[in-house]
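Listed here are the chains, written in short residue letters.
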Amino acid sequence: MTSKNENNASVPTSASNTPIAIDDDESPLETNSDPSLLPITSRHTSAVWSDFKRKRVGDVIKAECNHCSKLLAGGSKAGTTHLKDHIKICPKRVCQDLRQTRMFGTKKNLNDKNDTMTLAPYEFHQEDGRRDLAEMIILHEYPISMVEHIGFRKYSKTLQPGFKVPSRNTTRKDIMKRYELEKENVATLLRKAKGKIALTTDMWTADNQRKGYMAVTSHFIDNTWKLQSRIIRFLYVPAPHTAEVLADALKESIQSWNLDLRLSSITVDNCSTNDAMMEILKGVFPYGSLLLRGDFFHMRCCAHILNLIVQDGLSAVVSNGVQRIRDSVVFWTASDKRVQRFEQVAKQITPECSRKLALDCKTRWNSTYEMLSIATSYKEVFVVLSARNNLYKNPPTPEDWEKVEKICEHLEVFSKTTLNFSGTNYPTANLYFPKICALRIAISGWLLSPHDYVRKMADIMLQKYNKYWASVNGLMGVATILDPRYKMALIRFYFAKIFDEHDFEIEVSRISDLLRRLVDEYGSKMGKTQGSSNQQAFDLGSSSKSNEETFMQEFAEFLQQDKDSSHDISDLDKYLDCGEFKDDEYAKLVGELEEGFETCDIDSGTSGLCTE
């Protein structure tokens, strides 16, 4: 049975025919069999009422939370603000407002190809969008003006209507803010590092501006014993780039980071300007703060040394042939039509070859090696095309191909070492030493070649090697000794193959003395000193093999015979004691050595210790 009020609203009645008044005298939108519940009327337009019930409790009207059943004021004068505040903190509420959720894709494991899409709470923040926009422009070197492009603004609006794309000036400020933040992070990392800081630097020329920029990178071991590398400066250096100008720029970079007293070494390319610059800087910084009074302040880039050695050797014996091959590669890669013609002939004559011709960069010898090795596999194709195309003039001669093929066979060991030196994850110094020694042994072996041009190349390369590697070998040797697998044994092993008996003793003593000087210097700063002990020399036989893997096997056999006596004088002497190993320990050692060389992470597309 129903009754009607003055607004003609139908109202359910109880069994006793007692009418139930409707609050606010509005038409009901929904009914419920529970007599204590009141309907949601057309007056209750707020979306918050989807999370509440209207309920009469005694003589008052309450709003009951659908999730936690908490009762709040629900009368006409109570409003809805307190209801919205409760929904935000309700402990049992599950987000059901799709406008505040987002679809996220997840995978159970990396091999799972199917994404599982789930809804999760999502809250948009304008500042996060601006931060990511600035990071995108920095990461991909986009022009800042892109934020004012109509297409970009339309695209951003489609992705997130709530994101207000900032202006060019605002974006520039966001980028500088990010720069200052990252600079402070690097400064904090440098302050926490307790050891010395090594620097590498080189000049870089922008192709579009033809302006010179100096890049300065710091290298150090952090407090967790991890190798860290951070660019600390990238600054414009006005011409002319004299030694004085470069020295002033580098000095200002060092002092701006307060690294004056913490420098260990600065690595630069090999050129007369850099030599003069380093002499200037050596007199600027506090003399007593430099490692061994500055003996190793100026270090030469290892990758650049290799480049000089090989370039000198190639220029002396086959420079004209290399240039003819380079010109041929340039000719047959100058247009798509020529590339297509070359590939058509190559498929008929050398179907087993699929590599594309590659032009070298003259300042990177390993790219020259790649160019030559690829070109020699297509030498018959070049011969055929020289007879078919009148525009293709001055092709390589048969003598050029013969020399280049033979030289490439010898330079393969240089190519592998250069790739290791130029790795993405740089190999540590203890791995450099055996590779450099293997190169020295290989070059010496080329002096016995039946080909006069190979002997000439080896002689020139050996002179360049001896000029640059003496001081570098010292620090590499120290790093090798500090590798507990090698200690002094690997030094004696390789030097016995490289030097005669007299020079062997001198070179081993030179490395050993350098190590003790370094230990004494660090010990004096820590309030400790190291004693000295005599090291016994070892008479080792020579080997005709120059293969690095073979050397590792020979080294394991050498260790088995190495019974150096230990003198209980200093911690250093205790460390240098090789001890005695069992047969199974030697086998394990050889495996670790070979694994260390085979798993070195390399990337031929990156530069090594410096950029060019």
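Residues numbered from 1 in each chain as written. Predicted model: local features only at pLDDT ≥ 70, side-chain atom pairs only at ≥ 80, totals over all residues. Heavy atoms only, no water.

1. Some thoughts on the overall build of the chain
A tally of regular secondary structure across the chain gives 18 helices and 13 strands. Long-range contacts, defined here as pairs at least 24 residues apart, represent 62% of the contacts in the chain between residues at least 6 apart. Per element, the accessible surface of the chain, about 35,100 Å² overall, is 51% carbon and sulfur. (Helix = DSSP H or I, 4+ residues; strand = E, 2+ residues; numbered from the N terminus. Contact = heavy atoms within 4.5 Å. Areas by Shrake-Rupley, 256 points an atom, 1.4 Å probe, with all protein chains shown as cover.)

2. Overview of the sheet that holds strand 5 (residues 60-65)
Across the sheet, four strands lie side by side as 3-4-5-6; this open sheet has antiparallel pairing. Unpaired on one side and paired on the other, strand 3 (37-38) and strand 6 (71-73) mark the two borders of the sheet. Where helix 1 (residues 81-89) meets the sheet, it contacts strand 4 (52-57), strand 5 and strand 6, and its direction lies at approximately 150° from that of strand 6. (Pairing = 2+ DSSP bridges. Axes fitted to C-alpha atoms, helices over the stretch in contact; angles between N-to-C directions.)

3. Quick look at the pairing of strand 9 (residues 197-205)
The side chains of a regular strand alternate, first on one face of the sheet and then on the other. Of the pairings in the sheet, the one linking strand 9 to strand 12 (residues 263-268) comprises four bridges and is parallel in character. Within strand 12, the position partnered with isoleucine 197 by the bridge is leucine 263. For strand 9 and strand 10 (residues 212-221), the ladder comprises eight bridges, and the chain directions are antiparallel. By the bridge assignment, threonine 205 is partnered in strand 10 with glycine 212.

4. Some remarks on a negative patch on the surface
The grouping of Asp500, Glu501, Asp503 and Glu505 at the surface amounts to a negative patch. Following the sequence through the fold, glutamate 501 ends up in helix 15 (residues 501-525). (Patch = residues over 30% accessible without salt bridge, like charges linked within 9 Å, V, L, I, M, F, W, Y side chains within 5 Å. Salt bridge = Lys/Arg side-chain N within 4 Å of Asp/Glu carboxyl O. Lys, Arg positive; Asp, Glu negative; His and termini not counted. Charge placed at Lys NZ, Arg CZ, Asp CG, Glu CD.)

5. Describing the nonpolar core
The nonpolar side chains of soluble globular proteins are, as a tendency, buried together. In terms of nonpolar packing, the biggest core is built from 84 residues, with Phe382, Leu411, Phe414, Trp446, Met461 and Trp469 touching the most fellow members. Examining the composition of this core, we find that 14 residues originate from one element, helix 7 (residues 302-332), more than from any other. The residues contacting phenylalanine 382, other than those within four sequence positions of it, are Ser328, Trp332, Phe342, Leu357, Ala375, Tyr392 and Trp401. Counting residues in each nonpolar core, the second largest holds 29 residues, with Ala193, Phe220, Val237 and Ile266 among its members. (Core = buried A, V, L, I, M, F, W, Y, C linked by side-chain atoms within 4.5 Å. Buried < 20%, exposed > 50% of the residue type's maximum accessible area, 1.4 Å probe, protein only.)

6. Some remarks on the pattern of salt bridges
Applying the stated criterion across every chain yields a total of 21 salt bridges. Between glutamate 182 and arginine 178 there is a salt bridge, and its shortest N-O distance comes to 3.1 Å. One end of the pair is glutamate 182 and the other is arginine 178, both in helix 4 (residues 168-192) and four residues apart, which spans about a single turn. Classification of glutamate 182 by relative accessible area gives partly exposed; the value is 35%.

7. A few points about the packing of aromatic side chains
Within a pair of aromatic rings, the relevant descriptors are the distance that separates the centres and the angle that separates the planes. Counted by the stated rule, this structure contains 17 aromatic pairs. Chaining the aromatic ring pairs together yields one cluster made of Phe331, Trp332, Phe342, Tyr378, Phe382, Tyr392 and Trp401. Geometry around tryptophan 257 places lysine 183 over its ring, the cationic atom sitting 5.9 Å from the centre. The aromatic ring of tyrosine 236 is capped on one face by lysine 211, whose charged end is 5.5 Å from the ring centroid. (Phe/Tyr/Trp six-rings, centres within 6.5 Å; stacked < 30°, edge-to-face > 60°. Lys NZ or Arg CZ within 6 Å of the ring centre and 35° of its normal.)

8. Thoughts on helix 11 (residues 398-421)
Compared with an ideal rise of 1.5 Å per residue, which puts 24 residues at 34 Å, helix 11 spans 34 Å between its outermost C-alpha atoms and is within 8% of the ideal. Largest kink in helix 11: about 45°, centred on leucine 411. (Expected span 1.5 Å × (residues − 1). Bend = angle between axes of the 7 residues up to and from the residue.)

9. Some words on the state of the cysteines
Counted under the stated rule, the structure contains zero disulfides. A disulfide-free cysteine, cysteine 65 has its sulfur positioned 3.7 Å from the sulfur of cysteine 68, the nearest such atom. Owing to a relative accessible area of 1%, cysteine 65 belongs among the buried residues under this scheme. (Disulfide = S-S within 2.5 Å.)

10. Description of the side chain of asparagine 274
Relative to the assigned elements, asparagine 274 resides in helix 6 (residues 272-282). Leaving out residues up to four positions away in the same chain, asparagine 274 has contacts with Leu246, Val268 and Asp269.

11. What about unusual backbone geometry?
A cis amide bond links alanine 239 to the next residue, proline 240, at an omega of 0°. Considering the arrangement of structural elements, one finds proline 240 in the loop between strand 11 (227-236) and helix 5 (243-256). A positive phi angle, near 65°, is found at tryptophan 225, a position not held by glycine. One can find tryptophan 225 in the loop between strand 10 and strand 11. Positive phi values are uncommon outside glycine, yet asparagine 258 reaches one of about 55°. For asparagine 258, the position within the fold is in the loop between helix 5 and strand 12. For asparagine 258, a relative accessible area of 62% translates into the label exposed.

12. Observations concerning the sheet that holds strand 11
Strands sit in the order 11-10-9-12-13 across an open sheet of five strands; the sheet is mixed. Every other strand in the sheet has two partners, leaving strand 11 and strand 13 (298-300) as the edge strands with one partner each. Here the strands of the sheet are splayed against their neighbours by 25° on average, with no regard to which way each runs. In this structure, strand 10 lies alongside strand 11, joined through nine bridges in antiparallel fashion.

13. Side note on the confidence of the model for the chain
With 75% of its residues at a pLDDT of at least 70, the chain reaches an overall mean of 78. Here residues 564-568 is modelled with pLDDT under 50, and outside its nearest four sequence neighbours on either side it reaches 11 contacts, counting other chains as well. (pLDDT = per-residue confidence, 0-100.)

14. Some words on the environment of isoleucine 40
Its place among the elements puts isoleucine 40 in the loop between strand 3 and strand 4. Taking the C-alpha atoms as reference points, isoleucine 40 and serine 50, separated by 10 residues in sequence, lie 9.5 Å from one another.

15. A look at the packing of helix 8 (residues 336-349) against helix 10 (residues 379-388)
Two elements in contact, helix 8 and helix 10, have axes whose closest approach is 10 Å; the angle formed by their N-to-C orientations is 125°. Here helix 10 runs oblique to helix 8, going by the angle between their axes. As for the relative orientation of helix 8 and helix 10, their crossing is right-handed in sense. When helix 8 is examined against helix 10, the residues Arg341, Phe342, Val345, Ala346 and Ile349 are found in contact with a partner set consisting of Glu380, Val381, Phe382, Val384, Leu385 and Arg388. Per-class residue counts for the contact of helix 8 with helix 10 are eight nonpolar, no polar and three charged. (Parallel < 35°, antiparallel > 145°, perpendicular 65-115°, else oblique. Left-handed = near helix turned anticlockwise from the far one by under 90°. Nonpolar A, V, L, I, M, F, W, Y, C, P; charged D, E, K, R; others polar.)

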